[in-house]
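For reference, the chains in residue letters:
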Amino acid sequence: MLLRNEIKNCLGTAGALGLLLTGVNVHADALDADWLGIVYLWGAGISIDVADQSAGVDFDDLVDNLEAAFMGHMEAQGDKLGGFVDVAFVGVGSNESRTNFDLNTDNDTMAMDLAVVWSPGAEPFTGLETYAGMRYVSNDFHLVADPVPPALPTFEGGIDESYYDALIGVRYVAPLSDNWRLTFQGDLSFGDTEGTFSLGAFAGYVTGQHHFIAGYKHFEMDLESRAEGDLTVTMTGPALAYGY
């Protein structure tokens, strides 16, 4: 049920982003702001640590075990202030045979950032920028360890909770030439979670209103469950994106 609801939320967000992308020029003219919409493919491997158990899914396996995914970013900037929404949802499951037990995991993670951006540079989306806002994280994780042979009790645990954090971050966009950009970004959040942080480095090629982006992103979340204790979810890997 949660996966179905998360997919509906992501599809709704995807539809909204699509409408914004379609009408970006109209909105920019009407609101006197510069808009940028991005959809991206994140080749992230996922590792999950809970209750002294660890499960990992490399990107090659992630493609085979992927249940649903959506990733997008929409941002608008005025003279000095702007804002963005960033959404990432990944649903994945895996089955592994280990010494003395079979490990079955299923994880649906959604992270959404809403933030205000301060951009004091002469041009939008360039120079040193800071942002602050809210990070929403929803995680449904289920783990079952079946002993082999089945002489001992089956271990079962998981987390199905949502978290709201305060978010702060910094971004530096260096214009290397008229077409090339180099971006470094880092942020952290705190509140309901035990803490989350992300780091990224990207190179971008800009021609007209088209942005072609490639880089690397690391995202780590320390989550707490009242029932099962702490859970750490790490997603890291290369990313490709197109922006307009």
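Data block above holds the structure.
What comes next is a walk through the structure. (Residues numbered from 1 in each chain as written. Predicted model: local features only at pLDDT ≥ 70, side-chain atom pairs only at ≥ 80, totals over all residues. Heavy atoms only, no water.)

Some thoughts on the environment of threonine 183
Position of threonine 183 relative to the elements: it lies in strand 9 (residues 180-191). Excluding anything up to four places from it in sequence, threonine 183 contacts Arg171, Tyr172, Val173, Gly200, Ala201 and Phe202. (Helix = DSSP H or I, 4+ residues; strand = E, 2+ residues; numbered from the N terminus. Contact = heavy atoms within 4.5 Å.)

A short note on the nonpolar core
Residues Tyr40, Trp42, Ile46, Met221, Leu231 and Met235 are the most contacted members of the largest nonpolar core, which totals 30 residues. Broken down by secondary-structure element, the contributors of at least two residues to this core are strand 1 (34-42), strand 2 (45-50), strand 5 (81-98), strand 6 (101-118), strand 7 (127-147), strand 8 (155-175), strand 11 (210-225) and strand 12 (229-243). The dominant element in this core, judged by the number of residues it contributes, is strand 12, at 5 residues. (Core = buried A, V, L, I, M, F, W, Y, C linked by side-chain atoms within 4.5 Å. Buried < 20%, exposed > 50% of the residue type's maximum accessible area, 1.4 Å probe, protein only.)

A closer look at a nonpolar patch on the surface
Side chains of Val39, Leu176, Trp180, Tyr205, Phe212 and Tyr242 sit close together on the surface and give an oily, nonpolar patch of about 580 Å² of accessible area. When you line up the elements, leucine 176 lands in the loop between strand 8 and strand 9. Taking relative accessible area as the criterion, leucine 176 reaches 58% and is therefore assigned exposed. (Patch = residues over 30% accessible without salt bridge, like charges linked within 9 Å, V, L, I, M, F, W, Y side chains within 5 Å. Areas by Shrake-Rupley, 256 points an atom, 1.4 Å probe, with all protein chains shown as cover. Salt bridge = Lys/Arg side-chain N within 4 Å of Asp/Glu carboxyl O.)

Description of the packing of aromatic side chains
If you walk through the whole model with that rule in mind, you get 4 aromatic pairs. With centroids separated by 5.2 Å and ring planes inclined at 75°, the aromatic side chains of phenylalanine 84 and tyrosine 131 adopt a geometry described as edge-to-face. Here tyrosine 131 lies in strand 7 and phenylalanine 84 lies in strand 5, a separation of 47 residues in the sequence. When the ring of phenylalanine 212 is compared with that of tyrosine 242, the centres are 5.6 Å apart and the planes differ by 50°; the resulting orientation is tilted. On the criterion of sequence distance, the pair formed by phenylalanine 212 in strand 11 and tyrosine 242 in strand 12 is long-range, its members being 30 residues apart. According to the relative accessible area criterion, phenylalanine 212 is partly exposed, its value standing at 43%. Here lysine 217 stacks its cationic end above the ring of tryptophan 42, 5.1 Å away from the centre of that ring. (Phe/Tyr/Trp six-rings, centres within 6.5 Å; stacked < 30°, edge-to-face > 60°. Lys NZ or Arg CZ within 6 Å of the ring centre and 35° of its normal.)

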